[in-house]
Amino acid sequence: MIASSSKAQDAAQASAYGLTTEAPRALFVEDRTGTVILSKNPAEPFPPASLAKLMTMEIVFEAIESGEISLASEYLVSEHAWRTGGAPSGTSTMFAAIKSSVPVSALIRGTIVQAANDGAIILAEGLEGSEEAFAKRMNDRAAELGLKDSHFVNPTGLPAEGQKTSARDLVTLARHLREAHPDLYKIFAEPAFEWNGIFQRNRNPVLAETIGGEGIGTGYTENSGYSLMAVVSRGDRLFYLALSGLPSGAEREAEARRLLDFGFDGLVETDILSAGAVVASVPVFNGAGESVSVRVDRPVRILLPEASLGDVEARIRFDGPLIAPVEEGDEVGVLDIQVADETVYSQTVYASGSVPVGSFTDRAVGAMEELALGWTRSF
């Protein structure tokens, strides 16, 4: 059944498929179909901890691919980097020696594989001269990527007032890193790294053989608990999973396993609409016609539990009524696919025909209808 409405629909909440999570914040999305399997407070901000390093890597990867720096470039380990993120700090570190020079290739691996705070600071100082200047570059780039809930104060994720991210932004950033930097992205899956004679394993739980993930990062703060941004693929199915606020590392791993197993084993791929399908009509004001049909330009194919195959609805969101003229191909709204009244997939819809501006009589009649009816905008 397809209905149309201009009322804003909130992002899908938890349990659209009867799936729940103890994490206060979560977003679980399948990449190829775009199905939102689970969404719980996805825009709620929380301290990113080491997940801020994902944004640091975006800046570094862009700098490498633009030719600003190279993997062979070397940066000096300042006293600030050593004290704040190195051996004296008591935090995650790659044990870079003070006053030594470290190549960018090693700093990237230290920052990713070992979650090294000294590695992140050395890169920030090397590129921008200071953590503060680098954070500005992080925020500028975050805005370009459409990260709406994030603000970065340093490259490490160490506690700082005003530093925040969200599950929604982490999924957006992880997808960008994977698609825009495929070669450098592979470093997130490296199991271990050794620097300065000290060998450390990658502590990301999704890299376990029984999960088979591609990475991408974890975080922990005393106030916000244990967090995770994971990318896991099997066959032609790939999931992005962001979790935040779990009480322990063990529970974080167990929750990731449980949700991912549901995604891979509990869902079937279902065709909903073909490309070009007309899905509804929406009203047009001031036009030669009273409405225009709308279509999808891409197939709608989503993942569903078998028990939910008959519980799918579709709704059109738009700011209506549309005002003539409307041209064929104009973007006019969004199609939401819903299961149990929760949105699990969205796609832009377009006008499938044109509605020119109407005659004086058409416009006068339309104006009287607007005054009389007030456009409830629900159809």
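So, how was this worked out
- Residues numbered from 1 in each chain as written.
- Predicted model: local features only at pLDDT ≥ 70, side-chain atom pairs only at ≥ 80, totals over all residues.
- Heavy atoms only, no water.
- Helix = DSSP H or I, 4+ residues; strand = E, 2+ residues; numbered from the N terminus.
- Expected span 1.5 Å × (residues − 1).
- Buried < 20%, exposed > 50% of the residue type's maximum accessible area, 1.4 Å probe, protein only.
- Core = buried A, V, L, I, M, F, W, Y, C linked by side-chain atoms within 4.5 Å.
- Contact = heavy atoms within 4.5 Å.
- Axes fitted to C-alpha atoms, helices over the stretch in contact; angles between N-to-C directions.
- Parallel < 35°, antiparallel > 145°, perpendicular 65-115°, else oblique.
- Nonpolar A, V, L, I, M, F, W, Y, C, P; charged D, E, K, R; others polar.

Caption draft 1: How the structure looks around helix 1 (residues 52-65). The end-to-end C-alpha distance of helix 1, which contains 14 residues, comes to 21 Å, matching closely the 20 Å that a straight helix rising 1.5 Å per residue would cover. Counting buried positions along helix 1 gives twelve out of 14 residues, so the element sits mostly inside the fold. Turning to helix 1, its buried residues number three or more, namely Ala 52, Lys 53, Leu 54, Met 55, Thr 56, Met 57, Glu 58, Ile 59, Val 60, Phe 61, Ala 63 and Ile 64. Within two residues after helix 1, Gly 67 carries a phi angle of roughly 90 degrees, on the positive side.

Caption draft 2: Structural context of unusual backbone geometry. Note that the residue after Ala 324, namely Pro 325, is joined by a cis bond; omega there is 5 degrees. Within the fold, Pro 325 resides in the loop between strand 16 (322-323) and strand 17 (331-339). Even without a glycine there, the phi angle at Ala 115 is positive, about 50 degrees. Locating Ala 115 in the fold gives a position in the loop between helix 3 (104-113) and helix 4 (117-128). The backbone of Asn 286 shows a phi angle near 75 degrees, a positive value even though the residue is not glycine. Within the secondary structure, Asn 286 sits in the loop between strand 12 (278-285) and strand 13 (291-296).

Caption draft 3: Just the nonpolar core, in detail. In terms of nonpolar packing, the biggest core is built from 56 residues, with Leu 54, Met 55, Val 60, Ile 108, Phe 188, Ile 216 and Met 229 touching the most fellow members. Element by element, the count of residues in this core is highest for helix 1, at nine residues. Discounting chain neighbours no more than four positions away, the residues touching Phe 188 are Leu 54, Met 57, Phe 61, Ile 112, Leu 177, Asn 202, Leu 207, Glu 214, Gly 215 and Ile 216. Core analysis: the next-biggest nonpolar cluster, separate from the first, contains 51 residues, Tyr 17, Val 284, Ala 314 and Ala 324 among them.

Caption draft 4: Seen up close, the packing of helix 4 against helix 5 (residues 131-144). Running from N to C, helix 4 and helix 5 point in directions that differ by 85 degrees, and their axes come no closer than 8 Å. The angle between the axes of helix 4 and helix 5 places the two elements in the roughly perpendicular class. Listed contacts from helix 5 to Ile 121, Ala 124, Leu 127 and Glu 128 of helix 4 are Glu 131, Ala 133, Phe 134 and Arg 137. Its residues assigned to classes, the contact of helix 4 with helix 5 shows five nonpolar, no polar and three charged.

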